[in-house]
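Remarks on the overall topology
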Amino acid sequence: MVAAHGRQFLVDGGEGVIECVTRGKKGGVACGDRVTFAMTSAGHGVIENIEPRRNLLYRSDEFRSKLIAANVDQAGIVVAAVPAFHEELLIRCLVACEVAGIPALIVLNKADLPETQALERRLAPYAELGYTLLRVSAREDVAALEERLAGHVSVLAGASGVGKSTLLNRLIPDACAATAEISFALDAGKHTTTQARMFHLPGGGALIDSPGMQEFGLKHLNQDELMAAFPEIHSRRGLCRFYNCRHVKEPGCAVLEAAMDGGILVNRLRVYHSLLAQMLTSRQL
Ligand SMILES: Nc1nc2c(ncn2[C@@H]2O[C@H](COP(=O)(O)OP(=O)(O)OP(=O)(O)O)[C@@H](O)[C@H]2O)c(=O)[nH]1
Ligand SMILES: [Mg+2]
Ligand SMILES: [Zn+2]
């Protein structure tokens, strides 16, 4: 499935794109899904089945899940200094990728802006956590990203306005994805991309552009997944005094000790704590 348009799903049928609908309930089909469909008329069809997924990147709240992409080799989490960098969103995106088993790259875009330098310094510890950090400018140079994407299926995700669609247009000139200049003209400004869409890369592989988000709900996580999704916590498993330590305020906690010594980013630990707290309160309800 290459794109959703309201209730229509565009499916690459091999010999052109077929506009498909789903039987019964809508939703449930993600960009990147492999589907079987039956033709209903020329260029139109009905999705009959979604093949089992290799992985699925999605977000969720109490009420519903929002599917971002399925069956990808990697996710590029795009960040930028402008609009203001939102670290919690980055952390939540990385957690979702970890839980989905999708390798994540951090793509620092807008390298042409002077504000980017300070953000690059701030992101340096993420490289120590094992995340590849790529510095690019959709306006000037995207070589580092291009090299990483070649031959793979990747999804670009992140906040609205960080330049995902501009990067995509630079990498795939005939994609013609709408970017903020256009929505500015339409007086929308934010959330230019409204549906995920997959494009073929000229050198092989594919790239999915996704709508920017303001929040990344992680309602679908359980406690074990949460702990495993933070490499700096996962690597210290077994080092705390209590085997079932949650790393909140337990004595002899190796994670809290590392945070005191500056070995763990306090902002990341804070997000871990807030996700854990949400999980525990919702369980009591
Ligand atoms: N200076 C600079 N501006 C950029 C760069 N990349 C994108 N922009 C600008 O950032 C704005 C937002 O770009 P978009 O590509 O629409 O952002 P997006 O991430 O797709 O946003 P949503 O679709 O809302 O999620 C546009 O005005 C782009 O021209 C860059 O590398 N440098
Ligand atoms: Mg966009
Ligand atoms: Zn602990």
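Note that residues are indexed from 1 along each chain, following the sequence as it is written. Throughout, the order in which chains and ligands are written sets their labels, letters from A for the former and numbers from 1 for the latter. Totals for whole chains, interfaces and linings use every residue, but because this is a predicted model, local features are given only for residues with pLDDT of at least 70 and side-chain atom pairs only at 80 or more, for both listing and counting. No hydrogens and no water enter the side-chain calculation; it runs on all heavy atoms of the structure.

1. A few points about the pattern of salt bridges
Only one rule defines a salt bridge in this text: a Lys or Arg side-chain nitrogen within 4 Å of an Asp or Glu carboxyl oxygen. Applying the stated rule across the entire model yields 7 salt bridges. Across the salt bridge formed by Asp73 and Arg54, the nearest N and O atoms sit 2.9 Å from each other. Remark: Arg54 occurs in the loop between β5 (44–50) and β6 (56–60) and Asp73 occurs in the loop between β7 (65–70) and β8 (74–79); sequence separation between them is 19 residues. Three exposure classes are used, based on accessible area relative to the maximum for each residue type with a 1.4 Å probe and protein chains only: buried under 20%, partly exposed in between, and exposed over 50%. We classify Asp73 as partly exposed; its relative accessible area is 28%. Among the ionic pairs, Glu232 bridges to Arg268, the shortest N-O distance being 2.5 Å. On the criterion of sequence distance, the pair formed by Glu232 in helix α7 (residues 231–234) and Arg268 in helix α9 (residues 266–284) is long-range, its members being 36 residues apart. Numbering of helices and strands runs from the N terminus, with a helix taken as a DSSP run of H or I at least four residues long and a strand as a DSSP run of E at least two residues long.

2. Quick notes on the coordination of the zinc ion (ligand 3)
The protein atoms donating to the zinc ion (ligand 3) are Cys240 (SG), Cys245 (SG), His247 (ND1) and Cys253 (SG), with metal-donor distances spanning 2.1 to 2.4 Å. Any N, O or S atom lying within 2.8 Å of the metal counts as a donor, with the limit raised to 3.2 Å for Na, K and Ca; because water is left out of the atom set, some sites can appear incomplete. A four-donor site is classed as tetrahedral when every donor-metal-donor angle falls between 85 and 135 degrees; four donors are called square planar, and six octahedral, when trans pairs exceed 155 degrees and all remaining angles lie between 65 and 115, with any other arrangement labelled irregular. With 4 donor atoms in place around the zinc ion (ligand 3) and angles of 104 to 115° between them, the coordination shape is tetrahedral. Spacing between the donor residues of the zinc ion (ligand 3) along the chain follows C-x4-C-x1-H-x5-C. Assigned by exposure class, Cys245 and Cys253 land together as buried.

3. A look at the domain arrangement of the protein chain
The source of the domain bounds is an automatic or database domain assignment. Parsing the protein chain into structural domains produces domain 1 (3–50), domain 2 (56–209) and domain 3 (223–284). Here the C-alpha centroids of domain 2 and domain 3 sit 27 Å apart. The term buried area denotes the loss of accessible surface (1.4 Å probe radius) that occurs when two parts are joined, taken as the sum for both partners. Interface area for domain 2 against domain 3, summed over the two sides, is near 1100 Å², with a carbon-plus-sulfur share of 69%. Viewed at the interface, domain 3 and domain 2 are joined by 0 salt bridges. In protein, a polar contact requires one atom able to donate a hydrogen and another able to accept it; more generally it is a pair of N or O atoms within 3.5 Å, and residues adjacent in sequence count only if both atoms are side-chain atoms. Counting every contact that joins domain 2 to domain 3 gives 1 residue pair in polar contact (both at pLDDT 80 or more).

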